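Structural overview for review
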Amino acid sequence: MEPQAWMNGTWAAEAETRLPLDDAMVTHGAGLVEVLRTWSGIPVFLNRHLDRFIQAAGEMGLRLPVTGTVLASLVTEYLHRLPASLAGKDRHVVLLATPGSPGQRSATLVIHGRALDTARHRDYMENGVALARSKVKALPCDVVPAHWKHRNRLHWHLAGKACEGLALLETATGIVTETAIGHVVMVEERAGKPLLVSPPEELVLPGITLGLIQESAEKQGLGWTRRPFTWNELARSKEILLVGSGFGVAGVSQLDGVTINWPGPVTRMISDAFERLVTKRQ
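Everything in this summary refers to the structure shown in the same document. (Residues numbered from 1 in each chain as written. Predicted model: local features only at pLDDT ≥ 70, side-chain atom pairs only at ≥ 80, totals over all residues. Heavy atoms only, no water.)

Moving on: the overall build of the chain. A count of helices and strands for the chain gives eight helices and 13 strands. Projected onto its principal axes, the C-alpha coordinates of the chain cover approximately 55 × 40 × 30 Å. Long-range pairs, those at least 24 residues apart, make up 69% of the contacts in the chain between residues at least 6 apart in sequence. The positive charge centre, built from 30 side chains, and the negative charge centre, built from 28, are 1 Å apart in the chain. (Helix = DSSP H or I, 4+ residues; strand = E, 2+ residues; numbered from the N terminus. Contact = heavy atoms within 4.5 Å. Lys, Arg positive; Asp, Glu negative; His and termini not counted. Charge placed at Lys NZ, Arg CZ, Asp CG, Glu CD.)

In structure tokens form, the structure reads like this:
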């Protein structure tokens, strides 16, 4: 038995689930996606992911064929339908919505999954993340809003091919944005206390893990601000974190080939707090 996928009301083997060749996702790269993961087999932050997906779909003019409640139940059913060999193993769950084929009134909706990149995640935790400065620029926000998790990812493909490490993109004016799999948070010192700094909301995806660790950090008395910063500012920071739904919280150990402080005390504090949060939600 193999994993199944749901598309517009029908369950079928994932390997046999296909979009039509005239679907707007195929012809134009027009698609909205949401990627969440399970922790000990449970999608612990599901509601936050669904809220982001549904809001973006509405802004894009995608008429989803089901409600948020039904979406949540479909994710649960997807996990229940996993073969015994995958039961209890953590996995990505992917929601994909496209405008569909010409003349289609409601969106094509697909729910499927994929394995976690556990080898890469383990390397992040054991050796830290190597970030690389990319010549490829972030998409202008007045072309495609950064808060849409869309499927047109050619720029990420090009950035990844050209970098030794995980590509971190900047705007055309040199403001740091995000990576393809997670958000960057730098640690400064203000009045003798740590201050965590992340890019402005209008430049990056509204990260689920980013929001969770910001809430956690503020509860622990750590300062947090969102503002534009450059690559040079990032290089001078005390510590750098990378946070994303696939792996949680990791520290950055290299910045464009230069070794930096890792893992720092704030990185360890935030990582430990996130682990406690995940454990509590299971």
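Glancing now at the pattern of salt bridges. This model, assessed by the stated rule, comprises nine salt bridges. Measuring nitrogen to oxygen at the nearest pair gives 3.4 Å for the salt bridge that ties Glu14 to Arg91. Separated by 77 residues along the polypeptide, Glu14 in the loop between strand 2 (10-13) and helix 1 (24-28) and Arg91 in strand 4 (residues 91-98) bring together distant segments of the chain. As far as the burial class goes, Glu14 and Arg91 line up, both buried. One salt bridge connects Glu215 with Arg48, and the closest N-O pair in it is separated by 3.1 Å. Of this pair, Glu215 sits in helix 6 (residues 208-219) while Arg48 sits in helix 2 (residues 46-60); the two residues are 167 residues apart in sequence, bridging distant segments of the chain. Take Glu215: its relative accessible area is 36%, and that puts it in the partly exposed class. The class of Arg48 is partly exposed, set by a relative accessible area of 30%. Several salt bridges share partner residues, and in doing so they unite Glu188, Arg227 and Glu233 into one network. (Salt bridge = Lys/Arg side-chain N within 4 Å of Asp/Glu carboxyl O. Buried < 20%, exposed > 50% of the residue type's maximum accessible area, 1.4 Å probe, protein only.)

Next up on the list: the sheet that holds strand 4. Spatially, five strands are ordered 2-1-5-4-3 in an open sheet, and the strand pairing comes out antiparallel. Among the strands making up the open sheet, the edge pair consists of strand 2 and strand 3 (32-37). Shown here is a sheet whose adjacent strand axes are inclined to one another by a mean of 20 degrees, direction ignored. Pairing of strand 4 with strand 5 (residues 108-115), which is carried by eight bridges, proceeds in the antiparallel orientation. The residue of strand 5 that forms the bridge with Thr98 is Thr108. Packing of helix 2 onto the sheet brings it into contact with strand 3, strand 4 and strand 5, and relative to strand 3 it is tilted by some 175 degrees. In this fold helix 3 (residues 68-80) packs onto strand 1 (4-7), strand 2, strand 4 and strand 5, with an angle of close to 35 degrees to the strand it touches most, strand 5. (Pairing = 2+ DSSP bridges. Axes fitted to C-alpha atoms, helices over the stretch in contact; angles between N-to-C directions.)

Before going further, it helps to examine the pairing of strand 12 (residues 248-255). Burial within strand 12 is extensive, with seven of its eight residues counted as buried. Here strand 6 (residues 129-133) pairs with strand 12 via three bridges, running parallel. Paired with Leu131 across the two strands is Leu255, which belongs to strand 12. Where strand 11 (residues 239-244) meets strand 12, four bridges bridge the pair, whose relative direction is antiparallel. Its bridge partner being in strand 12, Gly244 is matched across the sheet by Gly248. Taking the residues that link successive antiparallel strands as the turn, the strand 11-strand 12 hairpin has three residues. In the sheet, strand 12 pairs with strand 13 (residues 258-259) via two bridges, with the strands oriented antiparallel.

It is worth stressing that arrangement in space is one thing and function is another; only the former is reported here.
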